[in-house]
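Summary of structural features
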Amino acid sequence: MTTTEHEMPVRNHLGLFMKQLVRKPGRIVALAPSSTGLAREMVRELGPETGSVIELGSGTGKITSHILARGIPQERLAMFELDDAFCALLSQEFPRAAVMQLSAERCDEAPLDDVGAVVSGLPLLSMPTKVQRRIVGGAFRKMRPGGIFVQFTYGYRPPIDRPVREELGLSWTVSPKVYRNIPPARVYTFRRAA
Ligand SMILES: C[S@@+](CC[C@H](N)C(=O)[O-])C[C@H]1O[C@@H](n2cnc3c(N)ncnc32)[C@H](O)[C@@H]1O
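A brief look at the structure comes next. Each chain carries its own residue numbering, running from 1 in the direction its sequence is written. With the structure being a predicted model, the display of local features is reserved for residues of pLDDT at least 70 and the display and counting of side-chain atom pairs for 80 or more, all residues being used for whole-chain, interface and lining totals. Only hydrogens and water are set aside; all other atoms, that is, all heavy atoms of the structure, feed into the side-chain values.

What about the nonpolar core?
Side-chain atoms within 4.5 Å are what join buried Ala, Val, Leu, Ile, Met, Phe, Trp, Tyr and Cys residues into a set we call a nonpolar core. A simple rule labels every residue: compare its accessible area, found with a 1.4 Å probe on the protein chains alone, to the largest value its type can have, and call it buried under 20%, exposed over 50%, or partly exposed in between. Counting 27 residues, the largest nonpolar core has Ile54, Leu56, Phe80, Val136, Phe140, Phe149 and Ile160 as its most contacted members. Elements supplying a minimum of two residues to this core: strand 1 (52–56), strand 2 (77–80), strand 3 (98–100), strand 4 (115–120), helix 6 (129–142), strand 5 (143–153), helix 7 (162–168) and strand 7 (186–192). A run of H or I in DSSP counts as a helix once it spans at least four residues, and a run of E counts as a strand once it spans at least two, with each numbered from the N terminus. In terms of residue count, helix 6 provides more of this core than any other element does, 5 residues in total. Contact between two residues is taken to exist if any of their heavy atoms lie within 4.5 Å; hydrogens are not considered. Ignoring sequence-local partners within four residues, the contact set of isoleucine 160 consists of Leu124, Gln132, Val136, Phe149, Arg165, Leu170 and Phe190. Of all hydrophobic cores here, the second largest spans 23 residues; its members include Leu38, Ala39, Ile148 and Val150.

A few points about helix 5 (residues 84–93)
Taken as a whole, helix 5 has its buried residues at Phe86, Cys87, Leu89, Leu90 and Glu93. Considered in projection along helix 5, the buried side chains sweep an arc of 165° and stay on one side of the axis. Summarising the contacts, the buried residues of helix 5 are in contact with helix 1 (14–23), helix 2 (25–28), helix 4 (62–69), strand 2 and strand 3. A 3.5 Å cut-off defines polar contacts: any pair of N or O atoms within that distance qualifies, except that in protein one atom must be a possible hydrogen donor and the other a possible acceptor, and neighbouring residues in sequence count only when both atoms are side-chain atoms. Its side-chain oxygen placed 3.0 Å from the backbone nitrogen of alanine 85, aspartate 83 serves as the N-cap of helix 5. What the arc covers is the set of directions going from the helix axis to the C-beta atoms.

Quick notes on helix 4
With 6 of 8 residues buried, helix 4 lies mostly within the body of the structure. Those residues of helix 4 lying buried are Ile63, Thr64, Ser65, His66, Ile67 and Leu68. Elements that come into contact with the buried residues of helix 4 comprise helix 3 (36–42), strand 1, strand 2, helix 5, strand 4 and strand 5. Of the residues flanking the end of helix 4, it is glycine 71, one or two places downstream, whose phi is positive at about 95°.

Considering the side chain of glutamine 151
Structurally, glutamine 151 can be placed in strand 5. Side-chain polar atoms of glutamine 151 contact the side chain of serine 120, separated by 2.5 Å. At a separation of 2.8 Å, a polar atom in the side chain of glutamine 151 contacts the main-chain carbonyl oxygen of leucine 122. Those residues in contact with glutamine 151 that sit more than four places away from it in its chain are Met42, Ser120, Leu122, Leu124, Pro159, Arg186, Val187 and Tyr188.

Focus on the packing of aromatic side chains
We call Phe, Tyr and Trp rings a pair once their centres come within 6.5 Å, taking the six-membered ring for Trp, and we label the pair stacked below 30 degrees between planes, edge-to-face above 60, and tilted otherwise. By the definition in use, this model includes 5 aromatic pairs. With a centroid separation of 5.7 Å and 45° between ring planes, the pair formed by phenylalanine 152 and tyrosine 154 is classed as tilted. Relative to phenylalanine 190, the ring of tryptophan 172 has its centre 5.9 Å away and its plane inclined at 50°; by these criteria the two rings are tilted. Here tryptophan 172, found in strand 6 (residues 170–174), pairs with phenylalanine 190, found in strand 7; they are 18 residues apart in sequence, far enough to count as distant. On the basis of relative accessible area, tryptophan 172 is assigned to the partly exposed category, the value being 36%. Classification of phenylalanine 190 by relative accessible area gives buried; the value is 0%.

A short note on the environment of phenylalanine 17
Assignment of secondary structure puts phenylalanine 17 in helix 1. A C-alpha to C-alpha distance of 7.3 Å links phenylalanine 17 and alanine 32, two positions 15 residues apart in sequence. Residue contacts for phenylalanine 17: discarding those within four places in its chain leaves Ile28, Ala30, Leu31, Ala32, Pro33, Thr60 and Phe86.

Side note on the sheet that holds strand 4
As a general point, the strands of a sheet are linked pairwise by backbone hydrogen bonds and lie either parallel or antiparallel. Taken together, the 7 strands give an open sheet; going across it, the order is 3-2-1-4-5-7-6, and neighbouring strands pair in mixed fashion. Either end of the sheet is taken by a strand with one partner, and the two such strands are strand 3 and strand 6. Neighbour to neighbour, the strand axes of the sheet diverge by 20° on average, direction disregarded. Here the rule is simple: two strands pair whenever DSSP picks up at least two bridges between them. When strand 6 meets strand 7, the two strands line up antiparallel, connected through 5 bridges. Its bridge partner lying in strand 7, leucine 170 is registered against arginine 192. Throughout, an axis means a line fitted to C-alpha atoms (over the contacting stretch in the case of helices), and angles, computed between N-to-C directions, take values from 0 to 180 degrees.

Right, here's the structure in full:
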């Protein structure tokens, strides 16, 4: 494996992703890992000034690499991922980041302070509203004021259900469609009203 200055692994671990997808399709809910184009769109607003970052549903680390490439040190990154094989891979590839084999519903337990962004690769729209509430509510509780919650979706509506958006007072921006992804996707960036 080769790495760039910002520790971006070049290998994409497609084989492991596909194996786990066949084993647990209901948990992974994606046809393939995110493309480079989608991963770049997910991290567009991140930079060294973001502080700490939490990633939810890291999978094989495709988006993780791009988070680090924005100048976030591994020590300021925590990942929540349920799958044990993905967690083993993430610990190996990103040894100084915190890999939490816990549900994203517990993301407010991340061992980080000054969290400026939560980047989610979770299949959030396929989760019940009450689970979304725990995940997104926990994320905004953990983040400093002005923090952003970034989520991609293949669908046509915001990937957080309306009751949760309204309870938390969320506004959002949406990216152009990323066609170079299977399937094409958009990235939503949610913020809380000041
Ligand atoms: C669509 S895949 C995304 C993987 C990777 N981020 C990417 O974009 O290629 C969703 C990931 O979320 C994980 N996942 C699903 N439910 C979860 C939960 N409640 N907490 C943490 N991770 C979860 C799955 O194991 C899977 O790795």
